[in-house]
Amino acid sequence: MRDRPQNLRSKTSHKIFVYLLFCILFVGFLTLALANSYSQEEIKEDEDDEDKIMDLPTVNIEILDTTQLKIPKEKFHSFTKPDSRIYTPLKRKERPWYLPPTSLPGKLSDTKEESERDFLVSIKAYSGVPVVLSYQMLFFRGFGNAEALVEAGRTSLRKERTPEMVSNENNNLEEFNIDKLRGAITYQTENTNLKVDVNYKAKDMAYLSNTGANYENDRSIANAYLDLDQKLSDNFDASINLDITNLQMTEPVTSDSHGALDIKAGLGFSALLSKSNPIEMGGDISYLDGENENEEAQEATVKLYVRDQYIRFLIFVLSAELNLLFDARKGSENGEGWEPDIYLNPNLIFTSRLGRNAILKFGVERNVIRQNLRDLYIQNNYMRLNPSLSLERSWDIKASLQYRITRKFAITAEAFDREVDDLVIFENIQDDTLSWKPISLESSRIYGFKAGWEGSAFGDRLKHNVEYIQEFHQQENDINIPYRPNNKGLLGFTYEAPLGLEFSVDGEFWGIRYTELNGEETLPGYFLVKPGISKSFGKYAKVFASSQFYFGEDKYQIWKEYGLPDWMIDLGLVLKF
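Because the structure is predicted, anything quoted here is derived from the model rather than measured.

Would you mind going over the overall build of the chain with me for this structure?
The number of helices and strands found in the chain is 3 helices and 31 strands. Of all 577 residues assigned to the chain, the portion counted as buried reaches 47%. Look at the contacts in the chain between residues 6 or more apart in sequence, and 59% of them connect residues 24 or more apart. Split by element, the accessible area of the chain, about 28400 Å² in all, is 56% carbon and sulfur.

Hey, could you run me through the packing of aromatic side chains in this one?
Geometrically, a pair of aromatic rings is defined through the distance of the ring centres and the angle of the planes. Inspection of the entire model under this criterion finds 18 aromatic pairs. Between the aromatic rings of Trp-436 and Trp-559, the centroid separation amounts to 4.9 Å while the plane-to-plane angle is 40 degrees, which identifies the pairing as tilted. Linking Trp-436 in strand E21 (residues 436-457) with Trp-559 in the loop between strand E29 (556-557) and strand E30 (562-564), this pair joins segments that are 123 residues apart in sequence. Neither Trp-436 nor Trp-559 differs from the other in exposure class; each is buried. Relative to Tyr-556, the ring of Tyr-550 lies with its centre 4.9 Å away and its plane at 25 degrees, an arrangement referred to as stacked. Per residue, the accessibility class of Tyr-550 equals that of Tyr-556, and both read buried. Site record: aromatic cluster; members linked through ring pairs are Tyr-382, Phe-426, Trp-436, Tyr-483, Trp-559 and Tyr-562. Against the face of Tyr-447 rests Arg-445, its NZ or CZ located 4.3 Å from the ring centre.

Sorry, what's going on with unusual backbone geometry here?
Negative phi values dominate among residues other than glycine, just as trans dominates among peptide bonds. Going from Val-129 to Pro-130, the amide bond is cis rather than trans, its omega being -5 degrees. Despite not being glycine, Asp-422 shows a phi value in the positive range, around 60 degrees. Not every positive phi belongs to a glycine, and Tyr-483 is a case in point at roughly 65 degrees. Along the chain, Tyr-483 turns up in the loop between strand E22 (462-475) and strand E23 (487-496).

Explain the sheet that holds strand E6 (residues 164-165) to me, please; I cannot follow it from the model alone.
Working definition: the strands of a sheet are paired by backbone hydrogen bonds and lie parallel or antiparallel to each other. Read from one edge of the open sheet, 3 strands run E6-E30-E29, paired in antiparallel fashion. Two strands close off the open sheet at either side, each with one partner strand: E6 and E29. Strand direction decides the pairing type here: E29 and E30, joined by 2 bridges, are antiparallel. Paired with Tyr-556 across the strands is Leu-564, a residue of E30.

I tried to follow the side chain of Asp-570 on my own but got confused; where do I start?
Within the fold, Asp-570 resides in strand E31 (residues 567-576). Polar side-chain contacts of Asp-570 include one of 3.0 Å to the side chain of Arg-161.

What's the story with the pattern of salt bridges in this structure? I'm lost.
Here the idea is simple: oppositely charged side chains can pair when their charged atoms come close. Within the structure shown, the criterion is met by 26 salt bridges. With its nearest N and O atoms 3.7 Å apart, the salt bridge here joins Asp-197 to Lys-195. With a relative accessible area of 8%, Asp-197 lands in the buried category. Put simply, Asp-431 and Arg-384 hold a salt bridge, and the shortest N to O gap is 3.0 Å. One end of the pair, Asp-431, is in the loop between strand E20 (409-428) and E21; the other, Arg-384, is in the loop between helix H3 (373-378) and strand E19 (392-406), with 47 residues separating them in the sequence. In this structure Asp-431 comes out as partly exposed when scored by relative accessible area, which is 32%.

Mind showing me how you'd approach a nonpolar patch on the surface here?
A cluster of nonpolar side chains, Ile-123, Tyr-135, Met-137, Phe-537, Val-543, Leu-573, Leu-575 and Phe-577, forms an exposed patch at the surface whose accessible area comes to about 690 Å². Elements represented by at least two residues in the nonpolar patch include exactly strand E4 (132-143) and E31. Residue position: Leu-575 is located in strand E31. Using a relative accessible area of 35% as the deciding quantity, one classes Leu-575 as partly exposed.

Could you clarify how one ought to interpret the environment of Gly-337 in this entry?
Following the sequence through the fold, Gly-337 ends up in the loop between strand E16 (316-331) and strand E17 (339-354). In this view, Gly-337 contacts Arg-329 and Lys-330; residues no more than four positions away in its chain are not counted.

What am I meant to see in the environment of Ser-443 here?
Within the element layout of this structure, Ser-443 appears in strand E21. Taking the C-alpha atoms as reference points, Ser-443 and Val-420, separated by 23 residues in sequence, lie 5.7 Å from one another.

What's the story with the pairing of strand E5 (residues 146-158) in this structure? I'm lost.
Examined bridge by bridge, E4 and E5 share 12 bridges and lie antiparallel to one another. Across the sheet, residue Leu-138 finds its bridge partner in E5, namely Glu-151. Here E5 pairs with strand E7 (residues 175-188) via 13 bridges, running antiparallel. Across the sheet, residue Glu-147 finds its bridge partner in E7, namely Thr-186.

What is the right way to look at the pairing of strand E27 (residues 526-536) in this model?
The side chains of a regular strand alternate between the sheet's two faces. Here strand E24 (residues 501-510) pairs with E27 via 10 bridges, running antiparallel. Looking at the pairing, Val-505 lines up with Pro-531 of E27. Relative to strand E28 (residues 541-552), E27 runs antiparallel, the two being bridged by 9 bridges. Along E28, the bridge assignment pairs Gly-532 with Ser-546.

Definitions and cut-offs
- Residues numbered from 1 in each chain as written.
- Predicted model: local features only at pLDDT ≥ 70, side-chain atom pairs only at ≥ 80, totals over all residues.
- Heavy atoms only, no water.
- Helix = DSSP H or I, 4+ residues; strand = E, 2+ residues; numbered from the N terminus.
- Buried < 20%, exposed > 50% of the residue type's maximum accessible area, 1.4 Å probe, protein only.
- Contact = heavy atoms within 4.5 Å.
- Areas by Shrake-Rupley, 256 points an atom, 1.4 Å probe, with all protein chains shown as cover.
- Phe/Tyr/Trp six-rings, centres within 6.5 Å; stacked < 30°, edge-to-face > 60°.
- Lys NZ or Arg CZ within 6 Å of the ring centre and 35° of its normal.
- Pairing = 2+ DSSP bridges.
- Polar contact = N/O pair within 3.5 Å; in protein donor to acceptor, adjacent residues only side chain to side chain.
- Salt bridge = Lys/Arg side-chain N within 4 Å of Asp/Glu carboxyl O.
- Patch = residues over 30% accessible without salt bridge, like charges linked within 9 Å, V, L, I, M, F, W, Y side chains within 5 Å.

Written as structure tokens, this is what we have:
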């Protein structure tokens, strides 16, 4: 690691001032919210309908004619409630936006259907060119106030679709398998919501090397999640959650098995000071223990928070949060004991309506992010474990404007500026394999804008969305952020035609990406176009075809030297009974 630049030290006094300023603002706004909440309990009968606040489980309301907000007074875990889809195998977490989703297994969207009965069996299978064989089976059953779901799936890729070395096309993976297994159960009454979810995902694959050899790259992740929400009174709720994740990875070259255990627990309370002003407070604790062939590390964090998302202030709705994070870590590299740190993190977001069609939002957020095992080591196939990865800490300033041209068509523009300490980047490992390891970049600045639109037409049969992101990067010594493009675009169109036909086109654009911290070598920019068509036969059968086409100067590469097929077509069938 390089020594921290001198100009960062000079920012200390500025950051202390910012901390104090936001603490003062937060306390002031919270005081205003508490003072005003009780005086606004009664809603006048002669107000316009759009200004009324409806006391329903989940409703859209408008506060002071500023913006539409959604207040979920109750959380629903049911698999069959309206707007609750049951065929999403995993509750996927967000991955870094600059790493595209793999075009290997999982590129086809999961079938999402609503159940109209208290049981359902669903089978999905597809094959394609190049060769892929995949199936997913789901069983759902309702038992009074309880519901259970079991799901299993396997995807097998042959060498025609597995990655191959760009510089040596004869060197590729012979086979690539992904297995998924999930079981979930929910229990819901008027005052209690309980969900237990257990899932397992494993990948059987290999690393490539410049010598033509393949090294083991098996990895698996098991997760158990429990969430309990209890209504203690009409205006007071409590929640408890527990999340346990275990990662296992086969280290290449040595073939040793290494991994990490991540345990998170939280306790939260929500109090309705008025019908439109919930205050949330609570705490989270977490513990991460991991090791690889060279090191082991432990990290423990405790977070205390208080937030209010619906403070009425002049013409604004203010979302404010103040959290205090205690972090302690211990590693084998330095042989020292636990090293503690404390981070005070304020967040302020202002929202206001400009006329009837525009919504303005701006604010500042302080974020502290701990490494996510699934995002780093399961979503990314060729990543090596780093158990001692530093916390990513950032100040984010952003402002956005949404303008609704019609009721079903809106355009959005946003500007952002992010100062980041210990940004997670990916460094190439210099050994016999083509692999990478997440490391921390001490300081960087990422600023830019994004713009796009979303909407629907023809009675919501046509849905469309477009987004473009432009970034500018600043680091010390003009180094690069590997695999992070300066620009990116996404688009999606779906049309539900008569006779059960559905047409879709998704697209991705990625700008050039540097492959190293230093140097000028890049991967070229490219376009991915993903058209698809499906035909439904009643409510219980559907056939589909999905394809993907790559347009770029060189071989399709997400990671340097791992070339992927330039095109693929998949045909499949979904049966429900």
